[in-house]
Number of protein chains: 2
Amino acid sequence: MSQSRVILENLSPELNAGRYFIKRVVGDTLSVAIDLYGDGHDVVNGRLLYRHEKQRKWRSVAMTHRGNDRWGGAFALESPGTYEYKVEGWVDYGLNWQHEIERKIEGGQTVAVELLDGVQYLDYLQKKVAKGHKKQIKEWVALFADESRYAEATAVAVSEELHALFQAHPERRFVVEYPARKVFVDRKKAEFSTWYELFPRSASSVEGQHGSFKDVEKLLPRIAEFGFDTLYMPPIHPIGRVHRKGKNNSVTAEPGEPGSCWGVGAKEGGHTALLPELGTLKDFKRLIKKALEHDIEIAMDIAFQCAPDHPWVKAHPEWFRWRPDGSVQYAENPPKKYQDILPIYFETPDWKNLWQALTDVVLYWMEQGVRVFRIDNPHTKPYRFWEHLIAECKKKDPGVIFLSEAFTRPAVMHQLAKVGFSQSYSYYTWRNTKAELIAYLTELTQGPGRDYFRANFWPNTPDILPWALQSGQEPVFLTRLFMAGTLNSNYGLYGPVYEFMVHEAVPGKEEYWDSEKYEIRQWDWEKRNKITHVMTRMNQARKDNPALQAMHNLQFCTVENENILAWYKSDSAADNHLLMVVNIDPYYTQSGWVQTPLSAIGIAPGQEFTVHDLISGNSYLWNQEWNYVELNPFALPFHLFRIEKP
Amino acid sequence: MSQSRVILENLSPELNAGRYFIKRVVGDTLSVAIDLYGDGHDVVNGRLLYRHEKQRKWRSVAMTHRGNDRWGGAFALESPGTYEYKVEGWVDYGLNWQHEIERKIEGGQTVAVELLDGVQYLDYLQKKVAKGHKKQIKEWVALFADESRYAEATAVAVSEELHALFQAHPERRFVVEYPARKVFVDRKKAEFSTWYELFPRSASSVEGQHGSFKDVEKLLPRIAEFGFDTLYMPPIHPIGRVHRKGKNNSVTAEPGEPGSCWGVGAKEGGHTALLPELGTLKDFKRLIKKALEHDIEIAMDIAFQCAPDHPWVKAHPEWFRWRPDGSVQYAENPPKKYQDILPIYFETPDWKNLWQALTDVVLYWMEQGVRVFRIDNPHTKPYRFWEHLIAECKKKDPGVIFLSEAFTRPAVMHQLAKVGFSQSYSYYTWRNTKAELIAYLTELTQGPGRDYFRANFWPNTPDILPWALQSGQEPVFLTRLFMAGTLNSNYGLYGPVYEFMVHEAVPGKEEYWDSEKYEIRQWDWEKRNKITHVMTRMNQARKDNPALQAMHNLQFCTVENENILAWYKSDSAADNHLLMVVNIDPYYTQSGWVQTPLSAIGIAPGQEFTVHDLISGNSYLWNQEWNYVELNPFALPFHLFRIEKP
């Protein structure tokens, strides 16, 4: 039993009734909406309260009625870390009295008794207002009781001044509170990042030589020139020798073969050691530093599994599963076997120490200066473990970023995002047709995941050479790259093979032939081509245009051609307006009329405006809503138009 | 930190994260769905647990995977009252072991070690199974270790028998529980009811005489003949004399005028007294008994407001608001004034006693035999009050039914349904066009309210003579009645004025002229006409056809004519198939082709079948999916077809 008369429900945004935090980035404004209403006709009111985890005191902003009992309010997210937000609602007795008296006066009624009734609300105000107002209110109390000054009294009763005082000092009896929810505020990079992946073992320009951190250092100017801000290297730890994989995933390695770098751990050390061929910790820290000079961050691969000769297997046998024949359990997904990898036994009775040891691995690399982690196969480890690990790491540095490498079922990928991953690999890799792309992007930008699931678009990875790229057609490489970087604000490339259009696959599979996963490759690090030209221009456009730095500002535009996809993006300040048009047919020139969202941009019908292509450099003068485009796949199969408002 | 590896989320049905109960009726099956999945590839499993509030022990049924990590289960709701239901999920170690060994055998692997590994799961089973099985399992343990009987052992390992034992006796380590939710099970009447409203003051057949319960008793055969099962009378309590309203809502009553029956209370008593002109408590209880003999229940009006001469005003002045001039506050909605009614002051410091007194009113009438209450203006009283009152009354009798008379904003109407009202007046009264009806019925049957908001369709009420009926056209009266009773399972009529097509309104308003709210009217209780004929036939069809006794089994059928609305309903056993077709144009004959849902009914294309019109008695032979209909508003503007499967 409670006397509260206000209902607060359907808070938005909210995740699993508050079980998980939602996500935003620094500089965002968090817009909160809620159903707020009472019984009867009384005036209700509400406010939004919020505080950063480092603040004790709540700050508040007024909420306003947006129609149909839905109220809204917003506040700025200024610092990384966790904010809490909650809503209070109440019947507003002062405003209600004023509203009633207004309606009665409008209806021609005499309100002498109502004025006397109002004295109780003035008395309340009297106690709450600043000193300057106290005298004023005292005078009003006398005025309300003075029949000879009725006209003056009614004028005060309905005045804006009194309204503002009631609004500022509500008598919040029987306040209802909607419980606090959390939003985690990442640094901007969580929403806007441009990834380049390479195997440091292939970084040398000397034929046959194992690449090193020093070699990678030499590639930084090239990667910076192409416009990438994140350099991700697969695991850089010692690689196991027991059951080491050979070229093309052969079950035995020939002498001298380097093995899969995901077979982590050998006599040289485990997850906190470095592969001697790559260099020393000093070399690695120097690479981090040099990269930062190019505005590039080093992203590290965390693969929580062990080679059979990983030091933990002897030091902590209880962290692994042992079979009835005394052998240790290797990874399997029947009928597939991964003899070079032992899964970690998360259900071990020693699980608390295990979790701590794994968390310590990430904390160790954070201490060395790494702030971006790509987590290998997170979906084969418990969700509660990741929730713990990520929370611990964010305590040390709220700017740490975790990319979830889970290509699996939607529920599993979403759960990993809920427990804290900052970004997630996505199905973009396999979304090719116009209908597929529109459906998927609509789900990502408007579906329930929009508050917590940040997709990262990868046209390829060392594990995936998608069918679409296996043709080796340049227009496909160009459009898959272009769409990754302009449909979405987070994207990445498994670089050298993409630039050079490597497309030889293991027959019948979406896997690279002669994959760098199992061998050292040699690349021509001096080469430039159409693809590197496009990525350079596009990545520059991404840096220059805030509209390309956000995820949910996507609006598809009608084009009556199934081979042409067009979409519009603008920034939150509505200063930056981009129109992207792609021909996804790699064989033929396609043309069509694109419906341009003139009213969203703020252009009057018939007004002339310029569209400037940030890839080709060409400009066009348009003056209509529907505009003709024609795209030749062998020239440039897309436009990246910046719309210049007249 | 927790070792649980299973995720349970997105339970359906669920209301406000379990804050409120959902609703069903006795005989329903509750289908529960939930996302259930683990990390990695391990086999997971789950079960649905449930119990009636009078049971201590939980019963359980297995849940099964329905695709995309969504699991389902169901149980029968056999008794009125509250059931709890919850879900458990776990990694199923036994089934997982069996699944892995199956895949390995299929992949051609030798599984000798895996068989040894399986002994631990057999050991677990050994402890759990019934005596008869223990010996069998002991033999299997020996078998698994016997290399010479490998083929036999693998056959047992993958056997259905072992699968069934694992399924029946899961080793539920690290079980995750989704918290219990509640479903309130009403008696069937909450979902299927046919209401007739009359003012007992007008029940006399003697000119100028105040009607009485005895007069109402004489009308029971007529109401039963028309097929109604609920007889609802506006308040039957003493009517205040102070500021009594006169004819047509005049602010003063002439001597002898009866006043509005919603001005409850006078010197003769308050909410637990009866208006002497209507009769004694004995008469009222006799009416209840006689009505039941006709399968009719008496529904009582609860209007929690007081006339100025209600005994409570003197006995409990603190339950009312007093103005600074010493007068008591009457009801207002500026500029409207209701001087004959005092609102109850729910924020009184004596609120606990007030709530109890009001609850006691309903409990008192329940003791006299009333089980159906129509609550007047519930939206002007606190939600928490209703939640308390309804819960207290349901404790005494889970079969008690409350109809919410709130014609107000959607959020408010829905909140009242959430706090416990069994049925709600609805916007049907103002939904006239085909598009409006389809949109509204789709919201009611498929929107979030479907688990708690049971609409009751009223074409008119004493407060509402909708514009559509003010024309007085017979086809409109016929189709509004027909749609109320066949689109929805709960409907009601403000009877005599509807049968006799009374349609004179207060100019410019949707209110009856010479309303019975303020005066005694005389009706010809012997008269029969086309409307009474149609309601008789339709209400009989409602009793005979289970498809018309449920709310959410509605499926609209395509007809390419904006004036023809067609829909299909069938019962949960799929034995009863109805097709309704209405011409909503009151002026012209309309025709069109109705798409008949043959596959839902179970009729093969080209097969001949009969449709039998339960109103006109005509039958037609159809043999196609699209069938021609032609409806003349001046004959019968609808079909109520029962489809006879060949």
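First things first, this report covers the structure right here in the doc. (Residues numbered from 1 in each chain as written. Chains lettered and ligands numbered in written order. Predicted model: local features only at pLDDT ≥ 70, side-chain atom pairs only at ≥ 80, totals over all residues. Heavy atoms only, no water.)

## A closer look at the overall build of chain A
In plain terms, the rule: Comment: elements are numbered from the N terminus, with helices defined as DSSP H or I runs of at least four residues and strands as E runs of at least two. Remark: exposure states derive from per-residue accessible area (1.4 Å probe, protein chains only) relative to the maximum for the residue type, with buried under 20%, exposed over 50%, and partly exposed in between. Every residue pair with non-hydrogen atoms within 4.5 Å of one another is taken to be in contact. Note on areas: Shrake-Rupley with a 1.4 Å probe; residue coverage comes only from the protein chains shown. For the purpose of counting charges, residues Lys and Arg are taken to be positive, whereas Asp and Glu are taken to be negative. His and the chain ends are not included. Note that the charge is assigned to NZ on lysines, CZ on arginines, CG on aspartates and CD on glutamates.
Helix and strand counts for chain A stand at 17 helices and 29 strands. Taken along the three principal axes of its C-alpha coordinates, chain A extends 110 × 65 × 45 Å. For chain A, buried positions account for 59% of its 646 residues. Residue pairs in contact within chain A that sit at least 24 positions apart in sequence constitute 75% of those at least 6 positions apart. Summed over all atoms, the accessible surface of chain A reaches about 25500 Å², with 50% contributed by carbon and sulfur. Put simply, chain A has 75 plus and 82 minus side-chain charges, and the middle of one group is 5 Å from the middle of the other.

## What about the relation of the copies chain B and chain A?
Selection rule: The least-squares superposition of copies is restricted to C-alpha atoms, and to residues with a pLDDT of at least 70 in both copies.
Relative to chain A, chain B is turned by 180° and slid 0.0 Å along the rotation axis, the superposed coordinates differing by an RMSD of 0.1 Å. Read as a symmetry element, the transformation amounts to a two-fold axis. Closest approach to the rotation axis within chain B is made by the C-alpha atom of B:Ala17, at a distance of 3.3 Å. Both copies contact each other with a shared surface, as 100% of the interface residues of chain B are interface residues in chain A too.

## Remarks on the sheet that holds strand E3 (residues 29–37) of chain B
Residues and elements named next belong to chain B. Using the following cut-off: Note on pairing: two strands pair once DSSP finds at least 2 bridges between them. To obtain each axis, a line is fitted to C-alpha atoms, and for helices this fit is confined to the stretch in contact; angles are then taken between N-to-C directions over 0 to 180 degrees.
Taken in spatial order, the 4 strands make up an open sheet running E1-E3-E7-E6, and their pairing is antiparallel. Every interior strand has two partners, whereas the edge strands, strand E1 (7–12) and strand E6 (64–67), have only one. The mean angle between the axes of side-by-side strands here comes to 35°, regardless of whether they run parallel or antiparallel. As judged from the 3 bridges shared by E6 and strand E7 (residues 70–76), these two strands associate in the antiparallel manner. Across the sheet, histidine 65 pairs through a bridge with tryptophan 71, a residue of E7.

## Re the interface of chain B and chain A
Here is the rule we go by: In short, buried area is how much 1.4 Å probe accessible area vanishes from two parts on joining, totalled over both. Here, a salt bridge means any Lys or Arg side-chain nitrogen found within 4 Å of an Asp or Glu carboxyl oxygen.
Taken together, the contacts link 60 residues of chain B with 60 residues of chain A. Taken together, both faces of the contact between chain B and chain A bury some 5200 Å²; the carbon and sulfur share is 52%. If you look at where chain B meets chain A, you find 10 salt bridges. Across the salt bridge formed by B:Glu347 and A:Arg5, the nearest N and O atoms sit 2.7 Å from each other.

## Some words on the packing of helix H1 (residues 93–106) of chain A against helix H5 (residues 160–168) of chain A
Residues and elements named next belong to chain A. We apply this condition: Each angle receives one of four descriptions, namely roughly parallel if under 35 degrees, roughly antiparallel if over 145, roughly perpendicular if within 65 to 115, and oblique otherwise. Under the grouping applied here, Gly and all other residues not named as nonpolar or charged are polar, the nonpolar ones being Ala, Val, Leu, Ile, Met, Phe, Trp, Tyr, Cys and Pro and the charged ones Asp, Glu, Lys and Arg.
One way to put it is that H1 packs onto H5 with a least axis distance of 8 Å and a crossing angle of 155°. In terms of their interaxial angle, H1 and H5 are classed as roughly antiparallel. On H5, the residues touching Gly94, Leu95, Trp97 and Gln98 of H1 are Leu162, His163, Phe166 and Gln167. Along the lines of polarity and charge, the residues of the contact of H1 with H5 split into 4 nonpolar, 4 polar and no charged.

## Notes on the side chain of A:Glu9
We count it as follows: In protein, a polar contact requires one atom able to donate a hydrogen and another able to accept it; more generally it is a pair of N or O atoms within 3.5 Å, and residues adjacent in sequence count only if both atoms are side-chain atoms.
Counting through the fold element by element, A:Glu9 comes out in strand E1 (residues 7–12). Residue A:Glu9 is classed as buried on the basis of its relative accessible area of 5%. A distance of 2.6 Å separates polar atoms of two side chains, one belonging to A:Glu9 and the other to B:Asn16. The contacts of A:Glu9, once residues within four sequence positions are left out, are A:Ile34, A:Asp35, A:Tyr37, A:Arg70, A:Tyr178, B:Asn16, B:Tyr20, B:Gln415 and B:Lys418.

## Considering empty space enclosed by the protein
Residue and element names in this part refer to chain B. Stated precisely, the cut-off is as follows: A cavity here means a set of 1 Å grid points, computed over protein atoms only, where a 1.4 Å probe fits but cannot escape. A pocket is an open set with protein on both sides within 12 Å along at least 5 of 7 lines, and lining residues have an atom within 4 Å of a point. Grid points are joined across faces, edges and corners, and a volume is the space filled by probe spheres set on the points.
For the structure on display, the rule yields 11 cavities of 30 Å³ or more. Each pocket or cavity is described by its volume, and for the largest cavity that value is around 70 Å³. Phe199, Pro200, Arg201, His210, Pro234, Pro235, His237, Ile239, Cys261, Leu275 and Leu278 together form the lining of the largest cavity. Taken together, the residues of the lining of the largest cavity break down into 8 nonpolar, 2 polar and 1 charged.

## Thoughts on helix H7 (residues 281–293) of chain A
All names here are of chain A. This is how it is decided: Helix span, as expected, comes to 1.5 Å for every residue beyond the first. Here the arc refers to the directions that run from the helix axis out to each C-beta atom.
Helix length check: H7, at 13 residues, gives a terminal C-alpha distance of 19 Å against a target of 18 Å (1.5 Å per residue), a fit within 8%. Along H7, the residues that are buried comprise Asp283, Phe284, Leu287, Ile288 and Ala291. Along H7, the residues classed as buried sweep out an arc of 145° about the axis, all on the same side. Opposite the buried face of H7, by more than 90 degrees, sit the exposed residues Lys282, Lys289 and Glu293. For H7, the elements touching its buried residues are helix H6 (213–225), strand E11 (230–233), strand E12 (297–302) and helix H9 (351–367). Backbone geometry just after H7 places aspartate 295 at a positive phi near 60°.

## Considering the pattern of salt bridges
Tallied over the entire structure, the rule returns 82 salt bridges over all chains. With its nearest N and O atoms 3.6 Å apart, the salt bridge here joins A:Lys530 to A:Glu474. On the criterion of sequence distance, the pair formed by A:Lys530 in helix H16 (residues 530–544) and A:Glu474 in helix H14 (residues 474–487) is long-range, its members being 56 residues apart. Look at A:Lys530 and you get partly exposed, because its relative accessible area is 24%. The salt bridge partner of B:Glu225 is B:Arg528, with a shortest N-O separation of 2.7 Å. A residue pair is termed long-range when its members are at least 10 positions apart, and B:Glu225 in helix H6 (residues 213–226) and B:Arg528 in the loop between helix H15 (495–499) and helix H16 (530–544) qualify at 303 residues. With relative accessibility at 38%, the residue B:Glu225 sits in the partly exposed group. Among the charged side chains, a network of salt bridges with common partners joins A:Arg5, A:Asp39, A:Asp42 and B:Glu347.

## Thoughts on the sheet that holds strand E12 (residues 297–302) of chain B
In any sheet, the strands associate via hydrogen bonds between backbone groups, in a parallel or an antiparallel arrangement. Residue and element names in this part refer to chain B. Within the open sheet, the 8 strands sit side by side as E20-E19-E18-E17-E12-E11-E10-E21. Their pairing is parallel. Two strands close off the open sheet at either side, each with one partner strand: strand E20 (455–456) and strand E21 (490–494). Strand direction decides the pairing type here: strand E19 (residues 423–425) and E20, joined by 2 bridges, are parallel. Paired with serine 424 across the strands is alanine 455, a residue of E20. With respect to the sheet, H6 is in contact with strand E10 (193–197) and strand E11 (230–233), its orientation differing from that of E11 by roughly 145°.

## Considering a nonpolar patch on the surface
All names here are of chain A. For clarity, the threshold we go by: Grouping into patches uses exposed residues only, defined as over 30% relative accessible area, and leaves out salt-bridged ones; the cut-off is 9 Å for like charges and 5 Å for nonpolar side chains (Val, Leu, Ile, Met, Phe, Trp, Tyr).
On the surface, a nonpolar cluster with roughly 330 Å² of combined accessible area is contributed by Trp593, Trp626 and Tyr628. In this structure, tryptophan 593 sits in strand E25 (residues 590–595). Residue classification places tryptophan 593 among the partly exposed positions, given a relative accessible area of 47%.

## Description of unusual backbone geometry
For the bond running from A:Ser12 to A:Pro13, omega is -5°, close enough to zero to count as cis. The residue A:Pro13 is located in the loop between E1 and strand E2 (22–25) in this model. Cis geometry marks the peptide bond from A:Pro334 to A:Pro335; its omega dihedral reads 5°. For A:Asn377, which is not glycine, the phi torsion reads 45° and is therefore positive. Although it is not a glycine, B:Ala17 adopts a positive phi angle of roughly 55°. Its place among the elements puts B:Ala17 in the loop between E1 and strand E2 (22–25).

## Focus: the environment of B:Val497
All names here are of chain B. With respect to the element layout, valine 497 can be found in helix H15. Judged by relative accessible area, which is 3%, valine 497 ranks as buried. Taking the C-alpha atoms as reference points, valine 497 and threonine 461, 36 residues apart in sequence, are found 9.4 Å from one another. When near neighbours in sequence (up to four residues on either side) are disregarded, valine 497 contacts Asn460, Val502, Tyr512, Glu516 and Trp523.

## Section: the packing of H6(B) against helix H7 (residues 281–293) of chain B
Residues and elements named next belong to chain B. Following both chains from N to C, one finds H6 and H7 inclined at 5°, their axes separated by 9 Å at the closest point. Compared by their axis directions, H6 and H7 come out roughly parallel. Listed contacts from H7 to Phe213, Lys214, Val216, Glu217 and Leu220 of H6 are Asp283, Phe284, Arg286, Leu287, Lys290 and Ala291. Tallied by class, the residues present in the contact of H6 with H7 amount to 6 nonpolar, no polar and 5 charged.

## Overview of the packing of aromatic side chains
Rules: A pair of aromatic rings is counted whenever rings of Phe, Tyr or Trp (Trp by its six-membered ring) have centres within 6.5 Å, and the orientation is called stacked for planes under 30 degrees apart, edge-to-face for over 60 and tilted otherwise. Ring-over charges, as used throughout, are those where CZ of Arg or NZ of Lys falls within 6 Å of the ring centre and within 35 degrees of the ring normal.
Within this structure, the stated rule accounts for 85 aromatic pairs over all chains. Ring geometry for A:Phe75 against A:Tyr83: centres 6.0 Å apart, planes inclined by 45°, an arrangement best described as tilted. With a centroid separation of 5.6 Å and an interplanar angle of 65°, the aromatic rings of B:Trp355 and B:Phe385 are classed as edge-to-face. Within this pair, whereas B:Trp355 is found in helix H9 (residues 351–367), its partner B:Phe385 is found in helix H10 (residues 383–396), the two being separated by 30 residues in sequence. The structure contains a cluster of three or more aromatic residues connected by ring pairs, namely A:Phe304, A:Phe346, A:Trp351, A:Trp355, A:Phe373, A:Phe385, A:Trp386, A:Phe402 and A:Phe421. Over the ring of A:Tyr428 we find A:Arg480; its NZ or CZ atom is 4.2 Å from the centre of that ring. Stacked on the ring of B:Tyr440, the Lys or Arg B:Arg431 has its end atom at 5.2 Å from the ring centre.

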